[in-house]
Amino acid sequence: MHKREVAVGSEEKDDLSVVGQLRNLVRIWDEADVKGDAATLDRLLADEFAFVGGPDKAQYLASIKSKSPDTYV
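The model shown is predicted, which means the values in this text are computed figures rather than measured ones. (Residues numbered from 1 in each chain as written. Predicted model: local features only at pLDDT ≥ 70, side-chain atom pairs only at ≥ 80, totals over all residues. Heavy atoms only, no water.)

Draft legend 1. Structural context of the overall build of the protein chain. Tallying secondary structure elements over the protein chain gives three helices and zero strands in all. Tracing the protein chain from N to C terminus, the helices and strands come up as α-α-α. Across the 73 residues in the protein chain, those meeting the buried criterion constitute 15%. The contacts of the protein chain with a sequence gap of at least 6 include a subset with a gap of at least 24, amounting to 30%. (Helix = DSSP H or I, 4+ residues; strand = E, 2+ residues; numbered from the N terminus. Buried < 20%, exposed > 50% of the residue type's maximum accessible area, 1.4 Å probe, protein only. Contact = heavy atoms within 4.5 Å.)

Draft legend 2. Region of interest: a nonpolar patch on the surface. Nonpolar side chains collect at one region of the surface, where L22, L25 and V26 lie side by side and expose about 270 Å² of accessible area between them. Inspection of the secondary structure puts V26 in helix α1 (residues 10–35). Using a relative accessible area of 42% as the deciding quantity, one classes V26 as partly exposed. (Patch = residues over 30% accessible without salt bridge, like charges linked within 9 Å, V, L, I, M, F, W, Y side chains within 5 Å. Areas by Shrake-Rupley, 256 points an atom, 1.4 Å probe, with all protein chains shown as cover. Salt bridge = Lys/Arg side-chain N within 4 Å of Asp/Glu carboxyl O.)

Draft legend 3. Layout of the side chain of K57. Residue placement: K57 occurs in helix α3 (residues 57–66). Not counting residues up to four positions away in its chain, the partners in contact with K57 are D42, L45, A46, D47 and F49.

Draft legend 4. Spotlight on the confidence of the model for the protein chain. For the protein chain, the average pLDDT comes to 85, and 81% of its residues sit at 70 or higher. For the protein chain, per-element mean pLDDT is lowest for α1, which scores 86, and highest for helix α2 (residues 38–44), which scores 95. (pLDDT = per-residue confidence, 0-100.)

Draft legend 5. Focus on the nonpolar core. One finds A32, A38, L41, L45, Y60, L61, I64 and Y72 forming the largest nonpolar core, which totals eight residues. For this core, the secondary structure elements donating two or more residues are α2 and α3. Aside from chain neighbours lying at most four places away, what touches L61 is A38, L41 and D42. (Core = buried A, V, L, I, M, F, W, Y, C linked by side-chain atoms within 4.5 Å.)

Now the structure itself:
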């Protein structure tokens, strides 16, 4: 038998809160990527980050920093 430590129905509110937080992080990532904001991207990414089959965090940030400011919105 499992004792519930949260009120029935509160899981849904928690799930919505988590979804909202995730959406906000994705929005921040997208804005930083569009603007070429390497500092924000650095803050968002774990040190161990790497794209599958692609660059790691340092390589990704270097590519963002190496682009001309004219290429960003």
